[in-house]
Amino acid sequence: FLGAAVSYLAAIPDVKLHGMWTLESIACLIGVIFVSSAFSGVYLWSGEVAPTSHRGLVYGVSSGAGRVGSFLGPFITLNLTAWVSREVPLIGWAVLMLLSLVCSFLLVETGDKDIAATGADVVNRRRDGYHYRL
């Protein structure tokens, strides 16, 4: 998440590179790589948190949210730049990435635990106490 935020902030200066390439296009391409890898990590992690009986629903909701975000991102950015400076969407995406970075520290540690098979296993795990990686 931090890599995506930094690359979106690096895209703000209007620097012309070779040919049609600008610093904005290069930094945004690098930001997309970081966002894609972060999505893959969160997508895989969500399967460890959900019990086996609910895992298909969790993966479906996660995939659907990713598809909605992949539509809304360019739609909002292209429509927003018609009214405001081109820096505003880039700063907005960088702030979202930094917020995601902070929220990622609240994820539950699943490294030493068995994967829950039923909803009752999740309830028992919560009663025994989830611990966060802060």
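We now turn to the structure provided with this report.

## Regarding a nonpolar patch on the surface
Part 1: Taken together, the side chains of Trp-21, Ile-26, Leu-29, Ile-30 and Phe-34 present a nonpolar region at the surface, about 440 Å² in accessible area.
Part 2: With respect to the helices, strands and loops of the structure, Ile-26 is situated in helix H2 (residues 23-49).

## Some details on the side chain of Ser-62
Part 1: Mapped onto the secondary structure, Ser-62 falls in helix H3 (residues 55-80).
Part 2: Here Ser-62 is in contact with Phe-39, Tyr-43 and Ser-46, once residues within four sequence places are set aside.

## Quick word on H2
Part 1: Look at H2: 39 Å from first C-alpha to last across 27 residues, which is about the 39 Å you get at 1.5 Å a residue.
Part 2: Every buried residue belonging to H2 is among Ala-27, Gly-31, Ala-38, Ser-46 and Gly-47, and all of these are buried.

## A few points about the packing of H3 against helix H4 (residues 87-104)
Helix-helix packing is described using two parameters, namely the angle between the two axes and the distance between the axes.
Part 1: The contact between H3 and H4 brings their axes to 8 Å, and the two run at 145 degrees. Read as a crossing pair, H3 and H4 show a hand that is right-handed. Every residue of H4 that contacts H3 at Gly-73, Thr-77 and Leu-80 is listed here: Val-88, Pro-89 and Trp-93.
Part 2: Residues belonging to the contact of H3 with H4 are distributed by class as follows: 4 nonpolar, 2 polar and no charged.

## As for the side chain of Arg-55
Part 1: Turning to its location among the elements, Arg-55 is positioned in helix H3.
Part 2: A relative accessible area of 19% means that Arg-55 is categorised as buried.
Part 3: There is a polar contact of 3.1 Å between the side chain of Arg-55 and the backbone oxygen of Ala-50.
Part 4: Every residue in contact with Arg-55, bar those within four places of it in the chain, is listed here: Gly-47, Ala-50, Ile-115 and Ala-116.

Analysis parameters
Residues numbered from 1 in each chain as written. Predicted model: local features only at pLDDT ≥ 70, side-chain atom pairs only at ≥ 80, totals over all residues. Heavy atoms only, no water. Patch = residues over 30% accessible without salt bridge, like charges linked within 9 Å, V, L, I, M, F, W, Y side chains within 5 Å. Areas by Shrake-Rupley, 256 points an atom, 1.4 Å probe, with all protein chains shown as cover. Salt bridge = Lys/Arg side-chain N within 4 Å of Asp/Glu carboxyl O. Helix = DSSP H or I, 4+ residues; strand = E, 2+ residues; numbered from the N terminus. Contact = heavy atoms within 4.5 Å. Expected span 1.5 Å × (residues − 1). Buried < 20%, exposed > 50% of the residue type's maximum accessible area, 1.4 Å probe, protein only. Axes fitted to C-alpha atoms, helices over the stretch in contact; angles between N-to-C directions. Left-handed = near helix turned anticlockwise from the far one by under 90°. Nonpolar A, V, L, I, M, F, W, Y, C, P; charged D, E, K, R; others polar. Polar contact = N/O pair within 3.5 Å; in protein donor to acceptor, adjacent residues only side chain to side chain.

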